[in-house]
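Here is how the chains run, residue by residue.
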Amino acid sequence: MENPVLRVEDFSASFGQHRILSEVNLEIERERVTAIMGPSGCGKTTLIRCINRMHELTAGASVGGRVYLNGEDIYRMNSMLLRRRIGMVFQRPNPFPTMCIQDNVLAGYQLNGIRLNRDEKRSIVEKSLRRAALWDEVKDDLPRRGVFLSGGQQQRLCIARALAMNPEIAQAARVSDFTAFLYLGELVEFGPSKKMFTTPKDQRTEEYLTGRFG
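Summarised in this report is the structure supplied together with it. (Residues numbered from 1 in each chain as written. Predicted model: local features only at pLDDT ≥ 70, side-chain atom pairs only at ≥ 80, totals over all residues. Heavy atoms only, no water.)

With that out of the way, let us pick up the overall build of the protein chain. Counting its regular elements, the protein chain contains 9 helices and 9 strands. The C-alpha atoms of the protein chain give a radius of gyration of 18 Å, which matches the 17 Å a tight globule of 214 residues would have. With the C-alpha coordinates aligned to their principal axes, the bounding extent of the protein chain is approximately 55 × 35 × 35 Å. Within the span of the protein chain, comprising 214 residues, buried residues form 41% of the whole. Across the protein chain, every contact between residues at least 6 apart in sequence was considered, and the portion connecting residues at least 24 apart equals 62%. With the model as given, the accessible surface of the protein chain reaches about 12300 Å², and the carbon-plus-sulfur share is 47%. Separation between the mean location of the 31 positive side-chain charges and that of the 25 negative ones in the protein chain comes to 5 Å. (Helix = DSSP H or I, 4+ residues; strand = E, 2+ residues; numbered from the N terminus. Rg over C-alpha atoms; globule rule 2.2 N^0.38 Å. Buried < 20%, exposed > 50% of the residue type's maximum accessible area, 1.4 Å probe, protein only. Contact = heavy atoms within 4.5 Å. Areas by Shrake-Rupley, 256 points an atom, 1.4 Å probe, with all protein chains shown as cover. Lys, Arg positive; Asp, Glu negative; His and termini not counted. Charge placed at Lys NZ, Arg CZ, Asp CG, Glu CD.)

As structure tokens, this is what we get:
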């Protein structure tokens with residue numbers, strides 16, 4: 001890959017003496033969706049948390065190797081600035097319970113001390129909610145708290161919150177151009193999703209896809 005948006009090199013992650021990821025090498029192509037799959041405990045969440053510099057917030061956590069965002073070592077960046085550039089949406093929706101829909105979308109700006117005028121707020125909120133396919137459903141209820149939305153709407157609100165900061169990377173699932181398969185902290189296989197799901201190279205990938213473990 002000539003110019004990946006994200007490059008992971010010989011990357012490892014641990015909690016204390018327990019190694020979660022081991023020597024992972026991965027390149028994420030720009031403007032494509034990459035899915036990370038694998039059984040429970042294989043290191044998927046840890047890898048994503050490392051890319052977003054959240055792993056290090058846990059006591060006893062450590063990393064090795066390098067991760068580059070557009071050629072820049074993310075571990076040499078200010079972590080708050082990095083998180084503006086890498087959006088993250090959790091599996092379970094987690095809107096801020098005391099905030100209204102509009103403030104949930106703008107939370108990243110508030111947390112980073114970025115001031116916006118009224119027109120900027122209105123534009124960002126509408127654009128982000130439209131990108132998350134939620135605008136038409138909530139445009140008349142922006143002062144309403146986000147926790148009163150349905151589960152699916154809450155998830156889209158969290159996506160809008162991530163997209164509002166115009167991140168260079170947003171984690172996504174279900175529809176992907178490329179897929180990485182992790183097993184026991186090791187990157188077993190990575191490539192175009194269609195090819196991996198039809199003709200996987202590694203026997204462990206085939207066994208996982210056919211439900212023999214996981």
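As a further point, take the sheet that holds strand β1 (residues 6–15). In space, the 4 strands of this open sheet follow the order β2-β1-β4-β5, with antiparallel pairing throughout. Unpaired on one side and paired on the other, β2 (18–28) and β5 (72–73) mark the two borders of the sheet. Both β1 and β2 contribute to a ladder of 7 bridges, which runs antiparallel. Its bridge partner being in β2, A13 is matched across the sheet by L21. Across the sheet, helix α1 (residues 44–51) touches β1, β2 and β4 (61–69), and the angle it forms with β1 is around 115 degrees. (Pairing = 2+ DSSP bridges. Axes fitted to C-alpha atoms, helices over the stretch in contact; angles between N-to-C directions.)

As a further point, take unusual backbone geometry. Of note in the backbone geometry, D10 takes a positive phi value of approximately 45 degrees without being a glycine. Relative to the helices and strands, D10 is located in strand β1. The backbone of N70 shows a phi angle near 50 degrees, a positive value even though the residue is not glycine. Mapped onto the elements of the fold, N70 is located in the loop between β4 and β5. Judged by relative accessible area, N70 falls into the partly exposed class, the value being 30%.

In space, the 3 strands of this open sheet follow the order β3-β8-β9, with mixed pairing throughout. If you trace the sheet from one side to the other, it starts and ends with β3 (34–37) and β9 (186–192), each paired once. Between one strand and the next, the sheet's axes are offset by a mean angle of 15 degrees, whatever the strand orientation. Pairing of β3 with strand β8 (residues 178–183), which is carried by 4 bridges, proceeds in the parallel orientation. Its bridge partner lying in β8, M37 is registered against F181. Of the strands in this sheet, β3 and β8 touch α1, which is tilted by about 135 degrees from β3.

Let us now look at the pattern of salt bridges. Taken as a whole and judged by the stated rule, the model has 10 salt bridges. Note that E137 and R156 form a salt bridge whose closest N and O atoms lie 2.7 Å from each other. Taken together, the residues span a long stretch of sequence, with E137 in helix α6 (residues 135–138) and R156 in helix α7 (residues 151–163) at a distance of 19 residues. Judged by relative accessible area, which is 41%, E137 ranks as partly exposed. A cluster of three or more residues bridged by salt bridges with shared partners is formed by R66, D73 and R76. (Salt bridge = Lys/Arg side-chain N within 4 Å of Asp/Glu carboxyl O.)

Taken as a whole, the second largest pocket encloses approximately 540 Å³ of empty space. Elements that contribute at least two residues to the lining of the second largest pocket include exactly α2 (79–85), β6 (86–87), α4 (107–111) and α7. (1 Å grid on protein atoms, 1.4 Å probe; cavity = no way out; pocket = protein on both sides within 12 Å on 5 of 7 lines; lining within 4 Å. Points joined across faces, edges and corners; volume = space filled by probe spheres on them.)

As a further point, take the nonpolar core. With 23 residues, the main nonpolar core has L6, V8, F11, L21, L26 and L69 as its most contacted residues. Among the secondary structure elements, those contributing two or more residues to this core are β1, β2, α1, β4 and β8. With 5 residues, the single largest contributor to this core is β2. (Core = buried A, V, L, I, M, F, W, Y, C linked by side-chain atoms within 4.5 Å.)

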